[in-house]
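Fold and contact review
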Protein chains: 2
Amino acid sequence: MSASKVQTNVDLDKERIKCNFNIQELTYIIDGGKHKTLQRRQIENNVFTSGKHEDQVPDECLSLKERYENAVRKSLDYGDLVRNELLAITGLENFGTPILRRTADAFFKEISPLLLHLGMFVPTIMGQCTAEQQAKWLPLALNLEIYGTYAQTELGHGTFIRGLETTATYDSSTEEFVLHTPTLTAYKWWGGGLGKTANHCIVVAQLYTKGKCYGVHTFIVQIRDAETHEPLPGIKVGEIGPKMGFNTADNGYLGFDHYRIPRENMCMKNAQVLKDGTYMKLGNAKLTYGTMVFVRVTLVSDSAFNLAKAATIAVRYSAVRRQSEAKPGAPEPQVLDYPTQQHKLFICISSALAMQFTANWLWKTFTKYLSEMKKGNVDNLPELHALSSCLKAVSTSDAAAYIEQCRLACGGHGYMTSSRLPHIYSFVVATRTYEGDYTVLLLQTARFLIKAWEQAESGVNLTPTVSYLSRACKVKNTWENSSEGIIRSFEAVAAGKIAHCVKNIREKMQNGLDLDEAWLLTTNLLVSAAEAHCRAVLLRVYHEEAKRLTEESSLNVKEVVDQLVQLYLTYWSLERTGDLLRYTSISENNIHQLEKKYEELLAAIRPNAVGLVDAFDICDEILQSTLGAYDGRVYERLMEEALKTPLNSESVNPAFHKYLKPYRQAKL
Amino acid sequence: MSASKVQTNVDLDKERIKCNFNIQELTYIIDGGKHKTLQRRQIENNVFTSGKHEDQVPDECLSLKERYENAVRKSLDYGDLVRNELLAITGLENFGTPILRRTADAFFKEISPLLLHLGMFVPTIMGQCTAEQQAKWLPLALNLEIYGTYAQTELGHGTFIRGLETTATYDSSTEEFVLHTPTLTAYKWWGGGLGKTANHCIVVAQLYTKGKCYGVHTFIVQIRDAETHEPLPGIKVGEIGPKMGFNTADNGYLGFDHYRIPRENMCMKNAQVLKDGTYMKLGNAKLTYGTMVFVRVTLVSDSAFNLAKAATIAVRYSAVRRQSEAKPGAPEPQVLDYPTQQHKLFICISSALAMQFTANWLWKTFTKYLSEMKKGNVDNLPELHALSSCLKAVSTSDAAAYIEQCRLACGGHGYMTSSRLPHIYSFVVATRTYEGDYTVLLLQTARFLIKAWEQAESGVNLTPTVSYLSRACKVKNTWENSSEGIIRSFEAVAAGKIAHCVKNIREKMQNGLDLDEAWLLTTNLLVSAAEAHCRAVLLRVYHEEAKRLTEESSLNVKEVVDQLVQLYLTYWSLERTGDLLRYTSISENNIHQLEKKYEELLAAIRPNAVGLVDAFDICDEILQSTLGAYDGRVYERLMEEALKTPLNSESVNPAFHKYLKPYRQAKL
């Protein structure tokens, strides 16, 4: 790594010397094995030696147009590297793995305009097209002869897919679909790369044939001329304008004026329209669920990685930054020595680990269920759906909140974009909304939980992640100050909240409301119940996976990982005293014990804090942070970055001669 | 208002028809009287008819350099309007009032580069300079013949002023101060308008004379040539680079290389250095506290206003936006009809009102104490300091969190900068850090609370806002489901937490720690205690001020304001069940009653929600939001704004010809 070549900040040196565990060993655990770490480092090394990821001027200084054009150039450079370096090592089956996302972060502080080409266009063709269709489109797409994206969301329609207004009406006389945008609210909106880059697009539209609507289906649509790149007649396409983040992806709008595409451009794997207009359902559409679950697992893992970045930046900076007097006359301490700072940051380290372990576990669960589903057993689908929904919601929400906590913990300098923290926040907070909004997803999980509770009441056996409900139906929880005791208490909280919702809904129905009305009026309690369930799952999975993964580790690594797990359990117990007091037998005295334990854990983790974030092994090229670089040259980097801003290329800005001076002269 | 001229969204029309209270009447209460509302509207009208606040291209599309230059131009236009329109009506004594800040919002989505000229440079001269000095500098500054700013924070030093490294060493041989920046970390950093705009600057530096350091003092320093605007020899000045917000203010860095200024440029009201170098302390430096408290009151009021903006945008949009099916087959309901949406938004309306009433109350308290202080009675200073510290911390923190909640409640479109919500968030979240970081300020309040508790224990009479501690010392709280009952319970919670901290500190000291060590290890509990105190103050002040201000109101206004107060009390009771269960006699049954009441309040407020945000009376020119405009033309505005982005001025972006096409051709 480049970091070893320069002089390191003396405080960071000391931190690394006092770290009492083998950092490398923990990195292997986080990556999922030594070979994965080595492979990742090799790829990162190859990619970064090209130097093509580097910007001369900070991206945020440029106009949006310049930023976009710069991002297109880098997308192609990056595309080459993907082909030449990454795929050569990992193979096509690992296309889209975390390694790819990590290295992309070095190229794009925000996002590549071709992200949805690889992330949605190609996977949709692979998942929803026939073999014949794939043979036609995949080579073109993978070879970047066409650039595609995915257009589902409309200006007036997001979460509720059935509400989409764009129509695809089959005309058997010409064997074409006629795509049309009947209203302003029907304009496609948000597609990444749709505004200026893509010349093809997967379009989700209401399929009409023989006068009947068959609901939403997907179509491959060419939108720009291959040679001139001009929008084709009947296509209205453009950029949607500046956003909080993602400003290097030209998110676009798209409207159709009775625009015709060949019948063959309908994605025909799960449904077909025959030449004469007959609609035929084929295959099992439920299998397309797989893509959705896959994306959610990816978002949990992304949350973990981005939170790890933020924690790395904030912890290293807090070791370098010195401030105030803990004792009169004493030198200013490292801010990492303040328990208030430890309280803000250590939970972030621990949560990043919790999310990473949970993402890996979810992935394993998913692939197991997927292979069963392919054999025709879809029994586990509801659980998988409920699980991936709430884990996506809670992970993205936790990650966003903790990343902002890291940023705020860096004081004023956390507000500088050169810290990278504002970017990380605006990126992650978007994932809280897209691919299923926080509240909507938790309510989907809640629906599953209410059913599970009713099954538990009637003695039906439940799937693993909700089996605690059967126990909770029968046995009252007793607080016990152990890991298993705390986890069981959180399960009791979740069960108590679910039971409370069930009671609430039944009461309202007894008072004359129908189920939909009763459900609606209980939604705030249901969201809270689903969050409690998800928290219980996170606590259990984190605890069990940590134990499993460190089974053969050295004592010190075992200990430091266990401290992080204990911190997570204790932190959440103290955050949720209200719930625990309501649904378990926890006493005031137990709470004091937890407070004392929490204080001890902060002190125990403190000497290893820098070592722990070093173990995430996020190199400077990916981190791109003035505050978080491995060498801790915080103030030097802040000044170096400041000097790069184009405002500093002239000692006097033209605004002085143009505005300030004439204004003053006019008054003299 | 311009809003009345266009066709309004039909759903918003219906909302306004069903609103059951007099909106105008509530506006007068929020503004502090009918005459204030009318004056404000007149000023806003005069300012906006000039049209000088309007941008042709969305600011965020431009490069940072262009944004800065554009902001300088608008600063001068705005300066003229201030002089010609605003001051003519409100008079100089109201300089810096909320009206000024409101209208500035129409000119600057972020901030004016001259903000600190008016906001810090001029006030410092007025507060810390002698009459003679004021006579010299004030006319130059007020007439914009010089542009000043304020430079205190350094690259390595923020909160802890005593740690500043910049030195001002008196040289009696030339009767000059020699300013010097001894290290990189001593560079001044952050000053708004310092990078490119200011030619003068208030500099805070360690004063040395006759070989002795007298601590930090302020100096007026010319940094650029009046004619050429070039930095003067010995001055290193520039811009610090892009930030999360505030990007139109050229925040700057400043370094001195043995730079000399005349002795007379020291701000000499509270201390002087005589010609021979003798240091003399004069006057009461405690009175400069006034400025600090004033700024904090302003930040509470700013928090209220910005939260009101966010609530206005999110509530109006939620009345226009329709989504999903509450019942199968039924039309998509307004999202404002979902209790989960009401839960997110109504607390924001209520909190904005709570903060505004509290800011006004704090201002009254402050001016009363200030007049006593001027008579030499500084007894109330500690209470005022503690109060303004925690109210600043909690208001800015609440406002930032709720603004982001409003943004997230707008789904994807809240991520568009044209919604204005990302700007409002990045602006307000900065105020959580500057002028005293959240944690630091709460710990200052905690110090006061611990002292107050000790006084209560020994029977000393306490100042009003902590008098509840005397009661709590003696009487155990009993939960009572009334406004006064809830407020007393929150006071019991605060008292319980403070007592818990005292016990904790004493135990640690009995175990051999000294006070500083024991304090440090208790800081996480102390922050929580100070927050609980502040919440109790907010609940009481909001409740009492709302009652007082609506004493002569119509019944319906009384009712709707009371509903908002009840919502605030109930919401916070449910948020803090853990604290209430620990420190009061609240029962599970009481909690269920609160849940039921909360559900009823959401339903009761729902029909008036749009009316309530209309009552904030924030006109479209200030709001500048596609989602929040009075007429609700949400989708039309989103598209209109999108079309303004320069990326849409060409149908094919040059990046196609420059990168995409050659890349493809090279592979064919």
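Residues numbered from 1 in each chain as written. Chains lettered and ligands numbered in written order. Predicted model: local features only at pLDDT ≥ 70, side-chain atom pairs only at ≥ 80, totals over all residues. Heavy atoms only, no water.

**Overview of the overall build of chain A**
Secondary structure summary: chain A contains 22 helices and 11 strands in total. Relative to its length of 668 residues, chain A is compact, with a C-alpha radius of gyration of 27 Å against a globular reference of 26 Å. For chain A, the spread of C-alpha atoms along the principal axes amounts to about 90 × 80 × 60 Å. Counting the 668 residues in chain A, one finds 62% classified as buried. In chain A, 73% of the contacts between residues at least 6 apart in sequence involve partners at least 24 apart. (Helix = DSSP H or I, 4+ residues; strand = E, 2+ residues; numbered from the N terminus. Rg over C-alpha atoms; globule rule 2.2 N^0.38 Å. Buried < 20%, exposed > 50% of the residue type's maximum accessible area, 1.4 Å probe, protein only. Contact = heavy atoms within 4.5 Å.)

**Observations concerning the pairing of strand β8 (residues 252–256) of chain B**
In regular strands, side chains alternate between the two faces of the sheet. All names here are of chain B. Most of β8 is tucked away, with 5 of its 5 residues classed as buried. Across the two faces of β8 the burial is the same, with Gly252, Leu254 and Phe256 and Tyr253 and Gly255 all buried. In the sheet, strand β7 (residues 235–239) pairs with β8 via 5 bridges, with the strands oriented antiparallel. Bridging across to β8, Ile235 finds its partner in Phe256. (Pairing = 2+ DSSP bridges.)

**Digging into the UniProt feature "active site" (unreviewed entry) in chain A**
Residue and element names in this part refer to chain A. UniProt tags Glu435 as "active site" (unreviewed entry). Note on Glu435: relative accessible area 33%, which makes it partly exposed. Those residues in contact with Glu435 that lie beyond four places of it in its chain are Val295, Arg296, Leu299, Lys392 and Leu441. (UniProt positions renumbered as here; feature names shortened; annotations may be inferred.)

**Here's the deal with helix α18 (residues 588–605) of chain A**
All names here are of chain A. A rise of 1.5 Å per residue sets the reference length of α18, with its 18 residues, at 26 Å; its end C-alpha atoms lie 26 Å apart and thus fit the reference within 8%. When α18 is considered as a whole, its buried residues turn out to be Asn590, Ile591, Leu594, Glu595, Tyr598, Leu601, Leu602 and Ile605. Buried residues along α18 cover an arc of 145 degrees about the axis, so they all sit on one side. Among the exposed residues of α18, those oriented more than 90 degrees off its buried face are Asn589 and Lys596. (Expected span 1.5 Å × (residues − 1). Arc of directions from axis to C-beta.)

**A look at the domain arrangement of chain A**
Domain assignment breaks chain A into domain 1 (150–283) and domain 2 (438–607). For domain 1 of chain A and domain 2 of chain A, the distance between their C-alpha centres works out to 43 Å. (Domains from an automatic or database assignment.)

**Examining the relation of the copies chain B and chain A**
Overlay of chain B on chain A (RMSD 0.0 Å): rotation 180 degrees, translation along the axis 0.0 Å. In symmetry terms, the pair is related by a two-fold rotation axis. Among all residues of chain B, the minimum C-alpha distance to the rotation axis is found for Gly578(B), at 1.6 Å. (Least-squares fit on C-alpha atoms with pLDDT ≥ 70 in both.)

**Examining the pattern of salt bridges**
All names here are of chain A. In total, this model carries 90 salt bridges over all chains according to the counting rule given. Of the charged contacts, one joins Arg260 and Glu176 as a salt bridge, the two residues approaching to 2.9 Å between their closest N and O atoms. Of this pair, Arg260 sits in strand β9 (residues 259–262) while Glu176 sits in strand β3 (residues 176–180), placing them 84 residues apart in sequence. With a relative accessible area of 22%, Glu176 lands in the partly exposed category. A single network of salt bridges, built from pairs that share partners, joins Asp31, Arg40, Arg41, Glu44, Arg102 and Asp617. (Salt bridge = Lys/Arg side-chain N within 4 Å of Asp/Glu carboxyl O.)

**Re the nonpolar core**
Judged by nonpolar contacts, the single largest core of 324 residues is most densely connected at Trp189(A), Leu469(A), Trp189(B) and Leu469(B). The contact partners of Trp189(B), leaving out residues within four places of it in the chain, are His413(A), Met416(A), Leu638(A), Met639(A), Ala642(A), Thr153(B), Glu154(B), Leu155(B), Ile240(B), Gly252(B) and Tyr253(B). (Core = buried A, V, L, I, M, F, W, Y, C linked by side-chain atoms within 4.5 Å.)

**Comments concerning the sheet that holds β8(B)**
Residues and elements named next belong to chain B. Taken in spatial order, the 3 strands make up an open sheet running β4-β8-β7, and their pairing is antiparallel. Because the sheet does not close on itself, it has two edges, and the strands there are β4 (188–191) and β7. Across this sheet, the average inter-strand angle for adjacent strands is 20 degrees, counted without regard to direction. Inspection of the sheet shows β4 paired to β8 by 3 bridges, in the antiparallel sense. Among the inter-strand pairings, Trp189 is bridged to a residue of β8, identified as Tyr253. (Axes fitted to C-alpha atoms, helices over the stretch in contact; angles between N-to-C directions.)

**What about the interface of chain B and chain A?**
Contact with chain B, which involves 134 residues of that partner, is made by 134 residues of chain A. Buried surface at the junction of chain B and chain A, summed over both partners, amounts to about 11,600 Å²; 60% is from carbon and sulfur atoms. Along the contact surface separating chain B from chain A lie 12 salt bridges. Between Arg664(A) and Glu227(B) there is a salt bridge, with its nearest N and O atoms 3.9 Å apart. At the junction of chain B and chain A, the tally comes to 52 residue pairs in polar contact (both at pLDDT 80 or more). The class makeup of the residues in the side of chain B that touches chain A is 58 nonpolar, 38 polar and 38 charged. (Buried area = accessible area lost by both parts, 1.4 Å probe. Polar contact = N/O pair within 3.5 Å; in protein donor to acceptor, adjacent residues only side chain to side chain. Nonpolar A, V, L, I, M, F, W, Y, C, P; charged D, E, K, R; others polar.)

**Considerations on the pairing of strand β6 (residues 212–222) of chain A**
All names here are of chain A. Note: strand β5 (residues 200–209) against β6, 9 bridges, orientation antiparallel. What sits directly across from Gln206, in β6, is Val216. What sits between β5 and β6 in their antiparallel hairpin is a turn of 2 residues, with Lys210 showing a positive phi close to 50 degrees.

**Notes on unusual backbone geometry**
Working note: non-glycine residues mostly have negative phi, and peptide bonds are mostly trans. Of note, Glu435(A) is a non-glycine position whose phi angle comes to about 60 degrees, a positive value. Mapped onto the secondary structure, Glu435(A) falls in the loop between α11 (421–431) and α12 (438–457). Phi angles above zero are rare outside glycine, and His229(B) is one such case at about 70 degrees. Positionally, His229(B) belongs in the loop between β6 (212–222) and β7. The buried category is assigned to His229(B), whose relative accessible area is 0%.

**Quick look at the packing of aromatic side chains**
Counted according to the given criterion, the structure contains 43 aromatic pairs over all chains. Geometrically, the ring pair formed by Tyr187(B) and Tyr253(B) is edge-to-face, given 6.1 Å between the ring centres and 65 degrees between the ring planes. With Tyr187(B) in the loop between β3 (176–180) and β4 and Tyr253(B) in strand β8, the pair connects residues that are 66 residues apart, well separated along the chain. This pair shows no difference in class: Tyr187(B) is buried, exactly as Tyr253(B) is. Consider the rings of Phe246(B) and Tyr434(B), whose centres lie 6.1 Å apart with planes at 85 degrees: the pair is edge-to-face. A residue pair is termed long-range when its members are at least 10 positions apart, and Phe246(B) in the loop between β7 and β8 and Tyr434(B) in the loop between α11 (421–431) and α12 (438–457) qualify at 188 residues. Judged by its relative accessible area of 33%, Tyr434(B) falls in the partly exposed class. Here the aromatic cluster, defined as three or more aromatic residues joined through ring pairs, consists of Phe357(A), Tyr402(A), Tyr542(A), Tyr568(A), Tyr571(A), Trp572(A) and Tyr598(A). (Phe/Tyr/Trp six-rings, centres within 6.5 Å; stacked < 30°, edge-to-face > 60°.)

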